[in-house]
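Listed below are the residues making up each chain.
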Amino acid sequence: MVLNPVISKLAGKLVVLASASPRRMEILRNTGLRFEVVPSWFKETLDKEKFKAPYEYAVETAKHKALEVAKRMPLNHLKTPDVVIGADTIVAVDGTILEKPVDKNDAYRMLSRLSGKEHSVYTGVVIVLCHENENKSVDYRLIDFYEETKVKFADLSESMLWEYIDSGEPMDKAGGYGIQALGGMLVERVHGDFLNVVGFPLNHFCKQLDIVFNTSGLLLSQEILAHSETNVSSLASSRIQQPNPAAMTSPDTSAKSDLLKASCFHQTHGSQTSPSASPVHKVKKNGDNSKEDEHTWPLGNSCSTNPAAENTTAPSLSSREQLTEVIGTQREDNGPQKDDLQRIIELMDGFKASKALFTASRLGVFDLLQSRPELDAAQVAQEIKASVKGTQCLLDACVSLGLLRSRESSCQKRVYMNAALAQGFLLSDAPHSLGGYIQHCDQTVWPLFTHLECAVRDGTHQHEKAFGKKANDLFQDTLYNNQDIKLRFMSAMHSIAKVTGRAVATAFDLSRFKTACDLGGCTGALAHELTKAHPEMRVTVFDLPTVVEMSGRFSPQHSENRVSFLAGDFFEDELPKADLYILARILHDWPDEKVHVLLRRIADSCTSGSAVLIAETMLDGRKPHAALQSLNMLVQTEGMERRERQFADLLCQHGFGDVQVVHTGNFLDALIAFKM
Ligand SMILES: Cc1cn([C@@H]2O[C@H](COP(=O)(O)OP(=O)(O)OP(=O)(O)O)[C@@H](O)[C@H]2O)c(=O)[nH]c1=O
């Protein structure tokens, strides 16, 4: 749901968030805005003494971050963005600016200063509008503003301080705290925009977009900024600041800077409504003319950081000269457009990025850097028993993908540490680790995909070509045919269920159902999420004997005794009685004829008011993940991914109706249908 019409003005534009902040990504992503992530290489080392107010420092830093990305993309990504957004969040207390702590002691120093006091959080935001003019150079128009929020901390005891610091949360946050997480326990009062403290003043941002894109008659100087030879500071000072009469407020009193500081701007007219999924919507029967077949290939979220980055200064060559150098003189003869070429390059590089992730995961790079951060390539190579040269390449590739971060150490060595993405999903012991799934993709899916052309020609899975074994029974002869492969597959399914389980378990109000049967529920990860979300529910996981015998390895320590396991084959054996039947990533394994058999068996076991809950990656003509997942099913199984309408059609043939769908925003979408 696009809450603010102005966000839709950006639909179809190449919008780039020049930030590595996971919180900023989440805040913007939740608006439905489509954007790429290209973290800035700008080192936040501006001299704080030169600024008369803390917010000026934040705005100037945000400007450098945004412009660095705006200037780099035509060179490194071969595409000019339309809009680049930079932001910088700082904490100011007693006239001192606090940024991210460098170590635990620094975090202690910061938090001690904040204890029992009110402080200000400023986020400076800069929107850079990039416009490629007729002579192919790029003009930059800047809109900058800041937002202030006041935060009052409680009195913090020493033990609480150190307990919080030891959680690790302070280390990548300004002021050494995260108000949206554990840090919220330190806060007594907030006065102002909460999201501004988290890292992005969304409401103010939307208001600024509204001014830029909707203000009619806003006559600003048409002074065009000199393009990229100018380095950032002189560009900023040469910028003509024209207050926007429509948005003018008394600058000295407002906690917000509503001066629209842009030398000029361009009006964008017309825009498609950005695609959005309603939270819950009914699926219409046949004939539904939903837009789900619209194909607008979304821009991937590409992260790129340059490990060797120094402070950005204008390149020795002008951007245009470099650009010509990079892609030759094709532009003169109307050769391929940069954006299209970049898109093709990104697609061609996709498998290399995947294999880099798989290899780093398999070599244990992320676990190593979690236990021992800031190792250099030689030290990592020694630990993972690999060559220094190869390790260096792999680490730098992971930095470019936003999986690792790096910096220059005190002895001029480049050292590496996990980025937030790695800490969230790539550590073996992380609650939402995708390690199992990554191993499955690397060891099973990757070999199968090398035979994709055969799969497309034959319309069948490729286990025999990939592994040299005939697979009569899809699971028994392939994924379960030996302990190691079975354990790897179960681990993969477990990691997906752990990441998606809560969203599926809470997609609908299931409080009316007291018993559920999770058909093919594998390790029970989703079952446990269901019992956590629904205290009255008991769940039976019904799966093959060979799976049930190994499920114990995956049970959580303090597992609810409302989850039980029962061995059986849902195509052959009698199904356990239940009010709710669950099919999570099951139907996509099978062709329609097998799906009908299973749905008929479920329908025969249902009583009126019973329901079936389906969790799948639903095709919608837009999400690349869903379409690629369908290829995945082609090479791996006899099945496919399906659209909402296809599920509704299959279900209504077995007496299920009132179909509702929730797009959860992660791997899986949830669908519920009731026995009529
Ligand atoms: C006060 C506060 C800050 N933050 C985070 O602190 C970082 C500030 O650093 P930054 O330099 O502005 O951003 P970054 O994370 O270094 O990313 P980048 O934009 O690439 O510099 C941002 O992450 C913010 O969310 C929280 O998550 N919660 C809070 O309560």
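Definitions and cut-offs
Residues numbered from 1 in each chain as written. Predicted model: local features only at pLDDT ≥ 70, side-chain atom pairs only at ≥ 80, totals over all residues. Heavy atoms only, no water. Helix = DSSP H or I, 4+ residues; strand = E, 2+ residues; numbered from the N terminus. Expected span 1.5 Å × (residues − 1). Contact = heavy atoms within 4.5 Å. Pairing = 2+ DSSP bridges. Axes fitted to C-alpha atoms, helices over the stretch in contact; angles between N-to-C directions. Near = heavy atom within 4 Å. Polar contact = N/O pair within 3.5 Å; in protein donor to acceptor, adjacent residues only side chain to side chain. Areas by Shrake-Rupley, 256 points an atom, 1.4 Å probe, with all protein chains shown as cover. Nonpolar A, V, L, I, M, F, W, Y, C, P; charged D, E, K, R; others polar. Parallel < 35°, antiparallel > 145°, perpendicular 65-115°, else oblique. Left-handed = near helix turned anticlockwise from the far one by under 90°. Salt bridge = Lys/Arg side-chain N within 4 Å of Asp/Glu carboxyl O.

## Focus: helix H22 (residues 592-605)
Relative to the 20 Å expected for 14 residues at 1.5 Å per residue, H22 spans 20 Å between its end C-alpha atoms, a close match to the ideal helical length. Tucked into the core, H22 has its buried residues touching strand E12 (515-519), strand E15 (580-584), helix H24 (644-652), strand E17 (656-663) and strand E18 (669-675).

## A closer look at the sheet that holds strand E10 (residues 404-408)
Ordered in space as E9-E11-E10, the three strands form an open sheet in which the pairing is antiparallel. Two strands bound the open sheet, and with one partner strand each, they are strand E9 (375-376) and E10. When E9 meets strand E11 (residues 414-418), the two strands line up antiparallel, connected through two bridges. For Leu 375, the partnering residue across the bridge sits in E11 and is Tyr 416. Packed on one face of the sheet, helix H13 (residues 388-400) meets E10 and E11 and runs near 110 degrees to E10.

## Observations concerning the site of the ligand
Around the ligand lies a shell of 21 residues, among which Ser 19, Arg 24, Lys 65, Lys 100 and Val 198 are the nearest. Between Ser 21 and the ligand, the recorded distance is 2.8 Å, taken from a side-chain N or O atom to an oxygen atom. For the ligand, the accessible surface in isolation is 600 Å², of which the surrounding protein chains cover 94%. Looking at the shell around the ligand, the elements that each hand over two or more residues are helix H2 (22-29), strand E3 (83-93) and helix H6 (194-198). Top contributing element to the shell around the ligand by residue count: E3, with three residues. Along the lines of polarity and charge, the residues of the shell around the ligand split into seven nonpolar, six polar and eight charged.

## Comments concerning the packing of helix H4 (residues 104-114) against helix H5 (residues 158-166)
Relative orientation of the contacting elements H4 and H5 amounts to 135 degrees, with a least axis distance of 10 Å. By the angle class used here, H4 and H5 are oblique. Between H4 and H5 lies a crossing of right-handed hand. Contacts between H4 and H5 involve Lys 104, Asn 105, Ala 107, Tyr 108, Leu 111 and Ser 112 from the former and Glu 158, Leu 161, Trp 162, Tyr 164, Ile 165 and Asp 166 from the latter. For the contact of H4 with H5, the class distribution of residues is seven nonpolar, two polar and three charged.

## As for the environment of Leu 628
Considering the arrangement of structural elements, one finds Leu 628 in helix H23 (residues 624-636). Along the chain, Leu 628 and Glu 641 lie 13 residues apart, while their C-alpha atoms are 9.3 Å from each other.

## Remarks on the pattern of salt bridges
Here the structure, examined in full by the defined rule, presents 29 salt bridges. The closest approach of N and O atoms between Lys 150 and Glu 148, which form a salt bridge, is 3.0 Å. Residues Arg 642 and Asp 592 are paired through a salt bridge, measuring 2.8 Å at the closest nitrogen-oxygen approach. In this pair, Arg 642 sits in the loop between H23 and H24 while Asp 592 sits in helix H22, placing the two residues 50 residues apart along the sequence. In this structure, a network of salt bridges that share partners links the residues Glu 44, Lys 65, Asp 88 and Lys 100.

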